[in-house]
Amino acid sequence: MNEPTPPANPTPYAHHLPIVTEHAPPVVVAPPTPILRGEEPLGDGPFAIVEGLLKSPASVLDSIQEGGATLWKLSALIVCSMVVTGLVMAAFAGGMQLVWVPIKLSLGIFFCAIICLPSLYIFSSLAGAEQSLRETWGALLMGVSLVGVLLVGFAPVTWVFSQATSSASFMGGMHVVFLLISSYFGLGLIKRALAAANARPIKGTALWSLLFLLVVLQMTTTLRLVAADLGARTP
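Since the structure is predicted, the reported quantities are computational estimates derived from the model, not experimental observations.

Where the model shows low pLDDT, its predicted coordinates should not be examined in detail. On average, the protein scores 80 in pLDDT, and the residues at 70 or more come to 75%. For the protein, the element scoring lowest by mean pLDDT is helix α7 (residues 204–229), at 73; helix α5 (residues 133–164) scores highest, at 91.

Here is the structure:
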């Protein structure tokens, strides 16, 4: 009788072979990039708030959330920067414009901020933001303060052109361009400040930014009227 032949083993001694497993190298996850730069506390010097806005806006936001006089410091910075900008603008004509132009600019920029505050708070809240009205006002003041700082930075350029031309329309257009450039960076800071306060981006700020720009463009009408007043140089 024929005995059954055992099945052939295609891989003899396979059960004696060592099992090799590959260990993937550990994955190093980089820490997330902070929304706002700077973690050191805000200084106490007269220019500490300016340094904070430019180099460490996170410290300014932390100071706002902790309370204190940060909101007043930002308001004072806005007034001072608008006064300097107004004096440079008024130097084109001189006379009483050295008084009225700084006042018009200071009141105008605060007017823009105040009338845009309710819509900023509502839009951000509808987008899921949880910051308080005070924190919203603080973020708005941070952005407007940065606008003022940038306008002061443009002031030497403005002064040079004011001494080289007698065209009021050219100077008015230059002021408008500098204002729009400064507003671009100021709106970016407001957006990042609200995102840092809520630990996530707030989508409602994009629509509000358009509204703020419309208000600023309306303010440029005032700037054009100021430029027209500056058209006649004081002898």
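What describes two packed helices is the angle between their axes and the distance between those same axes. Orientation of helix α2 (residues 57–65) relative to helix α3 (residues 70–90), taken along the N-to-C sense of each, is 125 degrees, at an axis distance of 8 Å. The orientation of α2 with respect to α3, classified from their angle, is oblique. On the side of α2, the interface is formed by V60, S63 and I64, while α3 contributes T70, L71 and L74. Grouping the constituent residues of the contact of α2 with α3 by class yields 4 nonpolar, 2 polar and no charged.

Turning to the pattern of salt bridges, a few remarks are in order. Going through the model one piece at a time under the given rule, you end up with 1 salt bridge. Here K55 makes a salt bridge to E51, at a shortest N to O gap of 3.2 Å. You can see K55 and its partner E51 sitting in helix α1 (residues 48–55), 4 residues apart, about one turn around the helix. A residue is classified by how much of its surface remains accessible, and K55, at 55% relative accessible area, is exposed. In this structure E51 comes out as partly exposed when scored by relative accessible area, which is 40%.

Cut-offs applied
- Residues numbered from 1 in each chain as written.
- Predicted model: local features only at pLDDT ≥ 70, side-chain atom pairs only at ≥ 80, totals over all residues.
- Heavy atoms only, no water.
- pLDDT = per-residue confidence, 0-100.
- Helix = DSSP H or I, 4+ residues; strand = E, 2+ residues; numbered from the N terminus.
- Axes fitted to C-alpha atoms, helices over the stretch in contact; angles between N-to-C directions.
- Parallel < 35°, antiparallel > 145°, perpendicular 65-115°, else oblique.
- Contact = heavy atoms within 4.5 Å.
- Nonpolar A, V, L, I, M, F, W, Y, C, P; charged D, E, K, R; others polar.
- Salt bridge = Lys/Arg side-chain N within 4 Å of Asp/Glu carboxyl O.
- Buried < 20%, exposed > 50% of the residue type's maximum accessible area, 1.4 Å probe, protein only.

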